[in-house]
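Single-letter residue listing:
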Amino acid sequence: MNKCIEVSDKNFMQVYSRYQIAIEKGDGVYLFDNEGKKYLDFAAGIAVFAFGYNNKEYNEALKEQIDKVIHTSNLYYNVPAADAAEKFNKATGMDRVFFTNSGTEAIEGAIKLARKYAYNKTKTNDSEIISMNHSFHGRSTGALAVTGQPKYQEAFRPLINGVVFADFNDLESVKAKVNEKTCAIILEPVQGEGGLYPATKEFLQGVRALCDEKDIVLIFDEIQCGMGRTGSMFAYQDYGVKPDIMTSAKALGCGVPVGAFAATERIASAFEIGDHGTTYGFNPLATAAVSKVFDMFESYHLIDHVKEVSAYLEQQLDALVGEFACIKERRGKGLMQGLELTIPAKDIILKAMDRGLLIISAGSNILRFVPPLVITKEDVDAMIAILKTCF
Ligand SMILES: *Cc1c(COP(=O)(O)O)cnc(C)c1O
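Residues numbered from 1 in each chain as written. Predicted model: local features only at pLDDT ≥ 70, side-chain atom pairs only at ≥ 80, totals over all residues. Heavy atoms only, no water.

Chemist: Describe the overall build of the chain, and please don't skip the residues or the numbers.
Modeler: Secondary structure summary: the chain contains 15 helices and 17 strands in total. On C-alpha atoms alone, the chain measures out to a radius of gyration of 21 Å, which is about the 21 Å that the 2.2 N^0.38 rule sets for 391 residues. Projecting the C-alpha coordinates of the chain onto the three principal axes gives extents of approximately 60 × 50 × 45 Å. When the 391 residues of the chain are sorted by exposure, 55% land in the buried category. (Helix = DSSP H or I, 4+ residues; strand = E, 2+ residues; numbered from the N terminus. Rg over C-alpha atoms; globule rule 2.2 N^0.38 Å. Buried < 20%, exposed > 50% of the residue type's maximum accessible area, 1.4 Å probe, protein only.)

Here it is as structure tokens:
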């Protein structure tokens, strides 16, 4: 047996059922395991590695920062954080940002900010948040409370209270949950984990209008669908609907653990000194990565590339739907695609892995395609060729 797998299984908390390979290194859109086997990677570390692996320009930026300083705490200012914040706010249209260490912490911050905004208005502690069924927002107890998947929550109650769930893409179901206590509505413009469901334009516009009418804070979770993945820098920009608070993570640092929540001035000003904090937040190594990632999006013209290559991926996946009876449908947006199967996704994933292709699932019967954003049409062809043999 592989020694790495053996030692890991003996020592790790047992909360993941891992595939039986140990990754040693990556290069471009390929990963290599510690037995030297090469894989075409359509998972990108779960929608993280936008530029692929071992990108020299990105690596150099991090190495440079390591040689200067990698941590300062929030007692002082640091240059990479200032740069990253300016670029983040320019790209999102938000006014103020807080850099976290993960996606789930970004959600925690968003929830706290929305609650503080409501508290300042009402001076009461009974505000409610509306979230969506089948959503996914993270595993810490606050983010878990707004995650619309009871299977993840059951053993960990009580979670934070005052959360109610509505149906995604069903404005009437959201309206039915609104009352005078509602302080925020949180949703993913494209649901990832829950099954690759893009929001409809009418739905996002309807929710926005509802929030404007009732002074409810609209939170968009762009942790998976943001950072160019769906063909615009952030998914909401393609819908022409702007949130009051938004969250980011995953591809934000392209491998360095970092997340963010950001808000418009009107909402962000609800926070006062001391309301939020974290030791590693705004960390110079993490924010140097963020800063470099934003620069590279521009110099690579990555959004244009995603639009082009994702149209091709959609075409090729649609052809598979026509060809194999066990594929029910294709869903998704940009380079965030899913194939819903009538058979367990794991059967296909294991066969693909054996044949040198990494793909992941969303739920038990959906194949999820979230490749590095730099993939080419040739990579798509190679992926499809392997996938066909698996089906
Ligand atoms: C992955 C994800 C999260 C949680 O992020 P972590 O970094 O794993 O804590 C939250 N929301 C969405 C939409 C995600 O895809």
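Chemist: Go over the packing of aromatic side chains with me, naming the residues and quoting the values.
Modeler: For the coordinates displayed, the defined rule picks out 15 aromatic pairs. On the basis of an interplanar angle of 25 degrees and a centroid distance of 5.3 Å, the ring pair of Phe 98 and Phe 261 is categorised as stacked. Taken together, the residues Phe 98 in strand β4 (residues 96–100) and Phe 261 in strand β12 (residues 259–263) connect sequence positions 163 residues apart. In this structure, Phe 98 and Phe 261 share a single accessibility class: buried. Sitting over the ring of Tyr 30, Lys 38 keeps its end group 4.2 Å from the ring centre. (Phe/Tyr/Trp six-rings, centres within 6.5 Å; stacked < 30°, edge-to-face > 60°. Lys NZ or Arg CZ within 6 Å of the ring centre and 35° of its normal.)

Chemist: Give a detailed account of the sheet that holds strand β7 (residues 182–187), specifying residues and quantitative values.
Modeler: Hydrogen bonds between backbone groups are what pair the strands of a sheet, and the pairing can be parallel or antiparallel. Taken together, 7 strands build an open sheet; the order of strands is β4-β12-β11-β10-β7-β5-β6 and the sheet is mixed. Of all strands in the sheet, those bounded by a partner on one side alone are β4 and β6 (163–166). Neighbour-to-neighbour, the strand axes of the sheet open up by a mean angle of 20 degrees, direction not taken into account. As paired strands, β7 and strand β10 (residues 217–221) are joined by 4 bridges and run parallel to one another. In the strand pairing of β10, Ala 184 is matched with Val 217. Each of β4, β5 (128–132), β7, β10, β11 (245–248) and β12 is contacted by helix α5 (residues 103–122), which is oriented at about 170 degrees to β11, the strand it contacts most. Contacting β5, β7 and β10, helix α9 (residues 201–214) runs over the sheet at an angle of about 165 degrees to β7. (Pairing = 2+ DSSP bridges. Axes fitted to C-alpha atoms, helices over the stretch in contact; angles between N-to-C directions. Contact = heavy atoms within 4.5 Å.)

Chemist: Give a detailed account of the domain arrangement of the chain, specifying residues and quantitative values.
Modeler: In terms of domain boundaries, the chain breaks down into domain 1 (3–56 + 301–390) and domain 2 (58–299). Domain 1 and domain 2 are separated by 26 Å when their C-alpha centres are compared. On the domain 2 side, the residues contacting the 30 residues of domain 1 number 31 residues. Summed over both sides, the interface of domain 1 with domain 2 buries roughly 2600 Å², with 61% coming from carbon and sulfur. The largest share of the area that domain 1 buries against domain 2 comes from Phe 51, Lys 333 and Met 336, three residues that together contribute 27% of it. In this assembly, domain 1 and domain 2 are joined by 2 salt bridges. In this structure, Lys 333 engages Asp 238 in a salt bridge whose closest nitrogen and oxygen atoms are separated by 2.5 Å. Of all the secondary-structure elements, those providing two or more residues to the side of domain 1 that touches domain 2 are α2 (44–47), α13 (302–323), β13 (327–333), β14 (336–341) and β17 (366–369). Its residues placed into classes, the side of domain 1 that touches domain 2 shows 16 nonpolar, 8 polar and 6 charged. (Domains from an automatic or database assignment. Buried area = accessible area lost by both parts, 1.4 Å probe. Salt bridge = Lys/Arg side-chain N within 4 Å of Asp/Glu carboxyl O. Nonpolar A, V, L, I, M, F, W, Y, C, P; charged D, E, K, R; others polar.)

Chemist: So what's going on with a nonpolar patch on the surface? Which residues, and what values?
Modeler: Residues Met 13, Val 15 and Tyr 16 make up a contiguous nonpolar surface patch of about 440 Å² in total accessible area. Following the sequence through the fold, Met 13 ends up in the loop between α1 (3–11) and β1 (23–27). Among the residues examined, Met 13 registers a relative accessible area of 71% and is labelled exposed. (Patch = residues over 30% accessible without salt bridge, like charges linked within 9 Å, V, L, I, M, F, W, Y side chains within 5 Å. Areas by Shrake-Rupley, 256 points an atom, 1.4 Å probe, with all protein chains shown as cover.)

Chemist: I'd like a rundown of the environment of Leu 367, residues and numbers included.
Modeler: Residue position: Leu 367 is located in strand β17. For the pair formed by Leu 367 and Leu 339, sequence separation is 28 residues and the distance between their alpha carbons is 5.1 Å. If we skip the residues at most four places from it in the chain, Leu 367 touches Gln 337, Gly 338, Leu 339, Leu 341, Ala 345, Ile 348, Ile 349, Ile 359, Ile 360, Ser 361, Leu 387 and Phe 391.

Chemist: Could you give an account of the site of the ligand, naming the residues involved and the relevant values?
Modeler: As a structural note, the neighbourhood of the ligand is formed by Ser 102, Gly 103, Thr 104, Phe 136, His 137, Gly 138, Glu 188, Asp 221, Ile 223, Gln 224 and Lys 250. Between the ligand and the protein, one listed contact pairs an oxygen atom with a backbone N or O atom of Gly 103 at 2.8 Å. Here an oxygen atom of the ligand sits 2.6 Å away from a polar atom, N or O, in the side chain of Lys 250. Notes on the ligand: free accessible area 380 Å², of which the protein chains cover 80%. (Near = heavy atom within 4 Å. Polar contact = N/O pair within 3.5 Å; in protein donor to acceptor, adjacent residues only side chain to side chain.)

Chemist: Help me get a handle on the pattern of salt bridges, residues and values and all.
Modeler: Taken as a whole and assessed by the stated rule, the structure comprises 22 salt bridges. Between Arg 208 and Asp 244 there is a salt bridge, with its nearest N and O atoms 3.0 Å apart. Of this pair, Arg 208 sits in helix α9 while Asp 244 is found in the loop between α10 (235–239) and β11, placing the two residues 36 residues apart along the sequence. Per residue, the accessibility class of Arg 208 equals that of Asp 244, and both read buried. With a closest N to O distance of 2.6 Å, Asp 318 and Arg 330 form a salt bridge. Of this pair, Asp 318 sits in helix α13 while Arg 330 sits in strand β13, and the two are 12 residues apart along the sequence. Overlapping salt bridges, with partners in common, bring together Lys 121, Arg 208, Asp 212, Asp 215, Asp 244 and Arg 266 in one network.

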